[in-house]
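# Structural description and commentary
Okay, here's what each chain looks like letter by letter:
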Amino acid sequence: MNLIDQILTEAQSLATEGGWVFHALIILAFGIAYSLLSLWHSMRLPDAPILPSREWLTLLKGGSGIEEIRNRLRIQLRDSEDLGRHLQEIGQRLFAKSDRRFPFAFIMIGAAPLIGLLGTVSGMFTTFRGMSTASANAPIDIISEGISQALITTQTGLIIGVPTYIVCAWLRSRHEDLALKFRQLESQLLQQANS
């Protein structure tokens, strides 16, 4: 049996033993993955006004050619009647999409361990039901099925929630750093315009 067959067999076993909560967790995991990819894409500043997104990222992160890009930005903004409001609008276009998406991503990530906990409760119900039956079937099978479901869903919820929380927090940190750099640039441009 090769590695792929072993992985598929284990996945089928987990899906069977984990019950409906396991399937809900897998669907949630795909939703979280989509949300994180969407956040990563929005941090590439695809809706950047005035300058191309690559130049905005160079300007905000630092790198070669910053002065040339900054001078082109100053020239573009030179004729603006209300520079402060115009810069605010640019900041909104650069960061509003990811600002809206972070809370949703964190809610989905926080739901993963809680849904895993729901699987734990469901598994414990199965376990107690097995303990209370005095049928010809061995109650130990029902008890072990309930304990298995409880452990699989709890573990799956944590496996989904913890790493994705770390990734989302890292993305949030990068986003806040870009937003701070934009505010510093905004302040510099306003000071230069007023002098």
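Summary of the structure given here. (Residues numbered from 1 in each chain as written. Predicted model: local features only at pLDDT ≥ 70, side-chain atom pairs only at ≥ 80, totals over all residues. Heavy atoms only, no water.)

## Here we look at the overall build of the chain
What counts here: Going along the chain from the N terminus, every DSSP run of H or I of four or more residues is numbered as a helix, and every run of E of two or more is numbered as a strand. Every radius of gyration here is taken over C-alpha atoms, with the globule rule written as 2.2 Å times N^0.38, N being the number of residues. Categorising residues by exposure relies on relative accessible area from a 1.4 Å probe, with only protein chains included: less than 20% of the type maximum marks a residue as buried, more than 50% marks it as exposed, and the intermediate range marks it as partly exposed. Whether two residues are in contact is decided by their heavy atoms: any pair within 4.5 Å suffices. Only the protein chains shown count as covering a residue, and every accessible area follows the Shrake-Rupley method with a 1.4 Å probe.
Regarding its fold elements, the chain presents five helices and zero strands. Here the C-alpha atoms of the chain give a radius of gyration of 26 Å, more than 25% beyond the 16 Å that 2.2 N^0.38 yields for 195 residues. Taken along the three principal axes of its C-alpha coordinates, the chain extends 90 × 35 × 20 Å. Relative to its full complement of 195 residues, the chain shows a buried share of 35%. Taking all contacts inside the chain whose residues are at least 6 apart in sequence as the whole, residues at least 24 apart take part in 74%. With the model as given, the accessible surface of the chain reaches about 12000 Å², and the carbon-plus-sulfur share is 61%.

## Structural notes on the packing of helix 1 (residues 3-42) against helix 4 (residues 83-132)
The criterion, for reference: Angles run from 0 to 180 degrees between N-to-C directions of axes, and those axes are lines fitted to C-alpha atoms, restricted for helices to the stretch in contact. Angle categories are assigned with fixed cut-offs, so that under 35 degrees is roughly parallel, over 145 is roughly antiparallel, 65 to 115 is roughly perpendicular, and the rest are oblique. Crossings are assigned a handedness: left-handed for a near helix turned anticlockwise from the far helix by less than a right angle, right-handed for a clockwise turn. Only Asp, Glu, Lys and Arg are considered charged in this grouping, and only Ala, Val, Leu, Ile, Met, Phe, Trp, Tyr, Cys and Pro are considered nonpolar; every other residue, Gly among them, is considered polar.
Here helix 1 crosses helix 4 at 165°, and the two axes come no closer than 9 Å. The orientation of helix 1 relative to helix 4 falls into the category roughly antiparallel. The hand of the helix 1/helix 4 crossing is left-handed. A class-by-class count of the residues in the contact of helix 1 with helix 4 yields 16 nonpolar, eight polar and two charged.

## Focus on the nonpolar core
We apply this condition: What makes a nonpolar core is a set of buried Ala, Val, Leu, Ile, Met, Phe, Trp, Tyr and Cys residues whose side-chain atoms join them at distances within 4.5 Å.
Of all hydrophobic cores here, the largest spans 20 residues; its most connected members are Leu-45, Trp-56, Leu-59, Leu-73 and Leu-94. Examining the composition of this core, we find that five residues originate from one element, helix 4, more than from any other. Dropping the residues within four chain positions of it, Leu-45 is found in contact with Ser-53, Trp-56, Leu-57, Leu-60, Leu-94 and Phe-95. Counting residues in each nonpolar core, the second largest holds 15 residues, with Leu-39, Met-43, Phe-102 and Ala-105 among its members.

## Describing a negative patch on the surface
Applicable threshold: Patch membership needs two things, relative accessible area over 30% and no salt bridge, and members are linked within 9 Å if like-charged or within 5 Å if nonpolar (Val, Leu, Ile, Met, Phe, Trp, Tyr). We define a salt bridge as a side-chain nitrogen of Lys or Arg found within 4 Å of a carboxyl oxygen belonging to Asp or Glu. None of His or the chain ends enter the tally, which takes Lys and Arg as positive and Asp and Glu as negative. Think of each charge as sitting on NZ of Lys, CZ of Arg, CG of Asp or CD of Glu.
A grouping of Glu-10, Glu-17, Asp-141 and Glu-145 is seen on the molecular surface, where their side chains present a negatively charged patch. Put simply, the parts of the chain that give the negative patch at least two residues each are helix 1 and helix 5 (139-194). Note on placement: Glu-145 falls in helix 5. Taking the relative accessible area as the measure of exposure, Glu-145 reaches 47% and is therefore partly exposed.

## As for a nonpolar patch on the surface
Taken together, the side chains of Leu-158, Val-162, Tyr-165 and Ile-166 make up a nonpolar region of the molecular surface, amounting to roughly 400 Å² of accessible area. Since its relative accessible area comes to 46%, Tyr-165 is described here as partly exposed.

## Considerations on the pattern of salt bridges
Side-chain pairs of opposite charge can arise whenever the charged atoms involved come near each other. For the coordinates displayed, the defined rule picks out eight salt bridges. Lys-181 is paired through a salt bridge with Asp-177; the nearest N and O atoms lie 3.7 Å apart. Here Lys-181 and its partner Asp-177 are both found in helix 5, four residues apart, which amounts to about one turn of the helix. Taking the relative accessible area as the measure of exposure, Asp-177 reaches 38% and is therefore partly exposed. Look at the salt bridges and you will find they share partners, linking Glu-55, Glu-68 and Arg-72 into a network.

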